[in-house]
Structure formats: C-alpha cells, structure tokens
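# Structure at a glance
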Amino acid sequence: MNVRDSEVICGLLQKAGYRISATDQDAEIVIFNTCSVRKHAEDRVWSLIGSYKGSKVIGLVGCMAQNYKEQAFQRDSNISFVVGPQDIHKLPVIIKSLQGDSSCKDSSPLLERKIWETEGVLRPEEIYHTDFYQDKNHAFVVISEGCSNFCSYCVVPYVRGPLRHRKYKDILTEIREALALGITKVTLLGQNVNAYDDRPVNFIKLLAQINALSGLKEFDFFTSHPKDASLDFFKAIRDLEKLVKRLHLPLQSGSDRILKLMNRGYVVKDYLALIDSYRKIVKGGLLTTDIIVGFPTETDREFKETCVLVKQARFNAAYIFKYSSRPGTEAAKIFDQLKQSQLEKRHKKILDLQRSISKELRKR
Ligand code: SF4
C-alpha cells in the first residue's frame, strides 16, 4: 500500500513540475513515506531523518505522520512538513507554499515554516490517475482504503481510517489506463480485499470484471481476511484464468484464546476448514500466511499450538513477526507483555520450522 502511495506522490509532484532525483543526495526535498505497523520501521525512519542534520527539506508522510501529527516537529526539528495518508493529494500545494515563502527570503528559508495536514478523510479519485507506475509492466491498484476490523494489535484503523471502497468503475478505468501504457500485470490492494463492496459489485464480481479486460495477462491481490473468505471466493480463484492461483490468508495465531484477544473473528477450526476447502477447490494453489509470535500473555502451550498448526497447514511461505506494541491499540493496554528474549526465542523457533517446510515444498 505504501509503495503505491509513493507512486501516487511521485505522480502528483511530477504533474506539478517537480523532478524525481536519482539519489537523495541530489534532492532538495526528501519525503519519507512511512509505516507505523511495527516499532522497528518507525525507529529506522527517525534515525534516517536525523542523519540529514538539517541539510535537506524533510517531509514526513504516511502513517507515522498521522500517528505523531505536530509532535513530529518536536521529535525532529529538521522536519518541515507532516502529511497523513488521507492528505497526500495536498502535497504539491504544501510544497509550493513552503517555496513561496522562500522567494521572500535570502537563505535556507524552507526550513523556517512548518506545515502539517492530518485531518483528511477522503482521497480524491484523481490521485490514482497520474499514470505513474514504477514498474513498466506491473501496476499496483488500490481497491479499498483503511480498515474497520480493529485487530487489537494493529494501528492501521487509527492511521488510515475506516474501510472505504473505491467505485468499481473507477478501478476498471485505472486498470484500462495502465493497460494502455503497456502494463500487463496488476496487483489489487486493500487491507481486507475480500470485504470489497461497491453494490452491486462485490469482490468476486470485481475479479470477474477485471479478468475480462483485454490486454491484461495476469493479476493477483493482497490481503484477504479469513472471516470474509468463502467457497465462492475460492471458486473464483480457480475459474478466472488470469488470476494467479495463490492465496495469502493471514492466520496470526494457532491459539483460540489468542485469536480472541487479537479480535480476529475466527477460531482455529474455521481457519483449518477454510484452507482445506481452498486446497480442494484450487488444486495446486499456493498458500501463504502471516503469523505474530509473542502476543501479550501468550503461553508456551499457546505458542506450541501455533507451531502445530504451521506443521499441519504446510504453508508455502509465511511472514513471521515478533509482536510489536503499538501505542493506542487495545493490545498495548495489556500489561502482561512478553520479554524480548522470549519473543526472539519463539520467533526463531517458528521461523526455522516454516523454512524447513517451505524448502521441502519448493523441492517438490
Ligand atoms: S485486518 Fe486487522 S491486521 Fe489487517 S489492517 Fe485491518 S486491523 Fe490491521
């Protein structure tokens, strides 16, 4: 989602007459489009911003901007503008206005004003039609923004707002425009794609309409939520010939108690039944997942339950994360957080397990 947002920002700024420099050293303005999903990602951004030591005009954009708002200026005085994900369409005007001030002064004037925009709710549709795609053969296409699931560990609903669906006609128009540029592959993006709903077009109908577009060779999507997955969804993956036969279905934990604390909306039995149906319907289809180890209060026994499920499910690949407490989320309020050493141990154990399964499946 952030890769696509960065393309949107590049497209908007190019249209406004700015040039994308080959390296940050050549740039007058450096924009950080940021992620808040883990603390580690945030720490890296703070350290990179600090490394410029006042030599550039720095913009903080995306989820960290939304999270920190004007406090970002206190955290690092090098920052000149702070723009949340719902306000990125304002960037050309914000930068022009900073430069406008500069014309009245003699030296380094951009750094004297601070602007922040984090109150936006809706993005204008036009931002998706600047024709800027980094890859000349592949386009990321946003179908929905935000999320209303409120998984207890996740900061996304707070920084990207509630789930909103783009109009299906606009999505088809954007894909047709990309195809006209010579792009042949598309990845549909949303925090929860299979909840897509622009009545009467749901996700399955949208997939069918995209599959019918001439010029398109292949498409896929990220990410689906188990609670919104259905047999019809799996049949669509099987039947639509341009759709990649792969499903990314985040599990997160193999313990029912932890899944409940995470507010995921399913139990282990439901998840296993889903992947069993997927494999029966989409013969040979790939299956990947996300897992969080060390959620607060997770016991050794509950961690072992996740390992058992990983052995049972035999995912082709898994993104495995150590739990990272995000301020403001429900999980951050649970005092019984695990020690870092415990997180490391569990992370390594399950990573090794998944690696051996992935290797074996790849060999086959
Ligand atoms: S589904 Fe859950 S984990 Fe995914 S973005 Fe929404 S709240 Fe976060």
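Bear in mind that the values here come from a model prediction, so they are computed numbers and not experimental data.

## Some points on the overall build of the protein chain
Secondary structure assignment for the protein chain yields 13 helices and 14 strands. Taken over C-alpha atoms, the radius of gyration comes to 22 Å for the protein chain, in line with the 21 Å a tight globule of 364 residues would show. Counting only C-alpha atoms, the protein chain reaches 70 × 55 × 40 Å along its principal axes. Residues classed as buried in the protein chain amount to 52% of the 364 residues present. Partitioning the contacts of the protein chain with sequence separation of at least 6, the portion at a separation of at least 24 is 75%. In the form shown here, the protein chain has an accessible surface area of approximately 17,600 Å², with 53% of it arising from carbon and sulfur atoms.

## Considerations on the pattern of salt bridges
For the structure on display, the rule yields 25 salt bridges. Between E125 and R166 there is a salt bridge; the shortest N-O distance is 2.6 Å. With a gap of 41 residues between them, E125 in the loop between β4 (115-117) and β5 (138-142) and R166 in the loop between β7 (164-165) and α7 (168-180) connect regions that are remote in the sequence. Considered together, E125 and R166 belong to a single accessibility category, that of buried residues.

## Some details on the pairing of strand β1 (residues 29-34)
It is a general feature of regular strands that their side chains alternate between the two faces of the sheet. Residues V30, F32 and T34 line the buried face of β1, whereas the alternating positions I29, I31 and N33 sit on a face that is not buried. Here β1 runs beside strand β2 (residues 57-62); their pairing, made up of six bridges, is parallel. Among the inter-strand pairings, N33 is bridged to a residue of β2, identified as V61. Of the crossover connections in this fold, the one passing from β1 over helix α2 (residues 39-51) to the parallel β2 is right-handed.

## A closer look at the nonpolar core
Counting residues in each nonpolar core, the largest one holds 57 residues, and the members touching the most others are L188, F203, F221 and F234. Sequence-distant contacts of F234, that is, excluding residues within four places in its chain, are made with A229, L247, L274, S277, Y278, I281 and V282. Counting 18 residues, the second largest nonpolar core, distinct from the first, contains I9, L13, Y18 and Y128.

## Section: the site of the ligand
In the neighbourhood of the ligand, the contacting residues comprise C147, N149, F150, C151, Y153, C154, V156, P157, Q191, H225 and R264. Of the residues belonging to the shell around the ligand, the class tally is seven nonpolar, three polar and one charged.

## Here's the deal with the sheet that holds strand β14 (residues 317-322)
Spatially, the three strands line up as an open sheet ordered β12-β13-β14, and their pairing is parallel. Bordering the open sheet on either side are β12 (246-248) and β14, each of which pairs with just one other strand. Averaged over all neighbouring strand pairs, the angle between strand axes comes to 10 degrees, with direction disregarded. Here β12 runs beside strand β13 (residues 286-293); their pairing, made up of three bridges, is parallel. Considered in β13, the bridge of L247 is made with L287.

## A short note on α2
The terminal C-alpha atoms of α2 lie 19 Å apart, and with 13 residues this matches the ideal 18 Å at 1.5 Å per residue to within 8%. For α2, the set of buried residues is E42, V45, W46 and I49. Each buried residue of α2 lies within a common arc of 100 degrees when the element is viewed along its axis, so the set occupies one face. Exposed side chains of α2 directed beyond 90 degrees from the buried face belong to H40 and R44. Its buried side turned inward, α2 meets β1, β2, α3 (63-68), α4 (71-75) and β3 (79-83). K53 lies just past α2 and shows a positive phi near 45 degrees.

## A word on the pairing of strand β8 (residues 185-189)
Of all five residues in β8, four are buried; the element is thus mostly enclosed. Bridge count for β5 against β8 is five bridges, and the pairing is parallel. From the neighbouring strand, V141 faces β8, where its bridge partner is L188. Relative to strand β11 (residues 218-222), β8 is paired through five bridges, and the arrangement is parallel. Bridge pairing in β11 places T187 opposite D220.

## Structural notes on the confidence of the model for the protein chain
Overall, the prediction assigns the protein chain a mean pLDDT of 93, with 96% of residues at 70 or greater. Confidence drops under a pLDDT of 50 for residues 102-111, and excluding neighbours within four residues, the segment shows 12 contacts in the predicted structure.

## Examining the environment of K217
Summarising the element assignment, K217 is placed in the loop between α8 (203-211) and β11. A relative accessible area of 61% places K217 in the exposed class. For the pair K217 and L98, spaced 119 residues apart in the sequence, the C-alpha separation amounts to 44 Å. Ignoring anything within four residues of it in the chain, the contact list for K217 reads T184 and K242.

## Structural notes on the environment of E177
Counting through the fold element by element, E177 comes out in helix α7. E177 gets classed as partly exposed once you look at its relative accessible area, which sits at 27%. Placed 46 residues apart in sequence, E177 and D131 show a C-alpha to C-alpha distance of 7.5 Å. Sequence-distant contacts of E177, that is, excluding residues within four places in its chain, are made with H129 and D131.

What counts and what doesn't
- Residues numbered from 1 in each chain as written.
- Predicted model: local features only at pLDDT ≥ 70, side-chain atom pairs only at ≥ 80, totals over all residues.
- Heavy atoms only, no water.
- Helix = DSSP H or I, 4+ residues; strand = E, 2+ residues; numbered from the N terminus.
- Rg over C-alpha atoms; globule rule 2.2 N^0.38 Å.
- Buried < 20%, exposed > 50% of the residue type's maximum accessible area, 1.4 Å probe, protein only.
- Contact = heavy atoms within 4.5 Å.
- Areas by Shrake-Rupley, 256 points an atom, 1.4 Å probe, with all protein chains shown as cover.
- Salt bridge = Lys/Arg side-chain N within 4 Å of Asp/Glu carboxyl O.
- Pairing = 2+ DSSP bridges.
- Right-handed = clockwise from strand over helix to strand, strands pointing away.
- Core = buried A, V, L, I, M, F, W, Y, C linked by side-chain atoms within 4.5 Å.
- Near = heavy atom within 4 Å.
- Nonpolar A, V, L, I, M, F, W, Y, C, P; charged D, E, K, R; others polar.
- Axes fitted to C-alpha atoms, helices over the stretch in contact; angles between N-to-C directions.
- Expected span 1.5 Å × (residues − 1).
- Arc of directions from axis to C-beta.
- pLDDT = per-residue confidence, 0-100.

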